[in-house]
Amino acid sequence: MKSKLKVIVLAFFALFFMGANFFSQDNSENEDGPDVYDEELDFVYQQNAAGDQFINIRIMPNIPLNFNDKIKVGGQITVGYSRFLTSWFALGAELAFGYNPTIGSNILTYIPISVGATFLPTAKKFEFPITVNVGMAVENYLSNTYFPGLVLRAGAGAYYRINESWSAGIEGFFTYMPQWYFKHPEKNDFLNIASVSAGVKYHF
């Protein structure tokens, strides 16, 4: 009876160690080799994504389209901030300072503050912004200050994404700035400006 019990105990321990060895080998294969439950993941790189932001700086000549030779070619610098709501649509704000010389060696100056939307289709490392802005401006000529002046601006351009943080390019803009005098409507006037800018963007 004792000999049979010894045989049963020995057989039990032999089966136990054989099973433990089998499972340890199976686990080591799963750790070192491919898992049947693992699937190859494809990561798609996006230049822009929701939540991304950028700061843009532009310099440009301002070419008046009306007033004949009374207003001459001037210049403008703009600084803006935008945040992407989707990979191709961003909202932002912009501050600018512009000027145009006039007859008699005088200077027309304006400081527009605007908000706008940018549609940004991309092709590889190229970006093609289409922007619409609306805002108001402080306009000054001689001793006359006009505020608030309406500013409407639309533009399109092309940028090259140098790396994840920087892009550079050019944009063309059309700006409409009217002056309305409700008590003296005969003084109502407007300025149309065409601009071509060189700019950089910092993405973060």
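See above for the structure.
Residues numbered from 1 in each chain as written. Predicted model: local features only at pLDDT ≥ 70, side-chain atom pairs only at ≥ 80, totals over all residues. Heavy atoms only, no water.

**Brief notes about the pattern of salt bridges**
Phase 1 of the analysis: Inspection of the entire model under this criterion finds 4 salt bridges.
Phase 2 of the analysis: With a shortest N-O distance of 2.6 Å, Arg58 and Glu94 are connected by a salt bridge. Placement of Arg58 in strand 1 (residues 53-64) and of Glu94 in strand 3 (residues 89-102) is noted, with a sequence separation of 36 residues between them.
Phase 3 of the analysis: Residue class for Arg58 comes out buried when judged on its relative accessible area of 4%.
Phase 4 of the analysis: With its nearest N and O atoms 3.1 Å apart, the salt bridge here joins Arg153 to Glu94. Pair noted here: Arg153 is in strand 8 (residues 144-161) and Glu94 is in strand 3, with a separation of 59 residues, a long-range link.
Phase 5 of the analysis: We classify Arg153 as buried; its relative accessible area is 7%. (Salt bridge = Lys/Arg side-chain N within 4 Å of Asp/Glu carboxyl O. Helix = DSSP H or I, 4+ residues; strand = E, 2+ residues; numbered from the N terminus. Buried < 20%, exposed > 50% of the residue type's maximum accessible area, 1.4 Å probe, protein only.)

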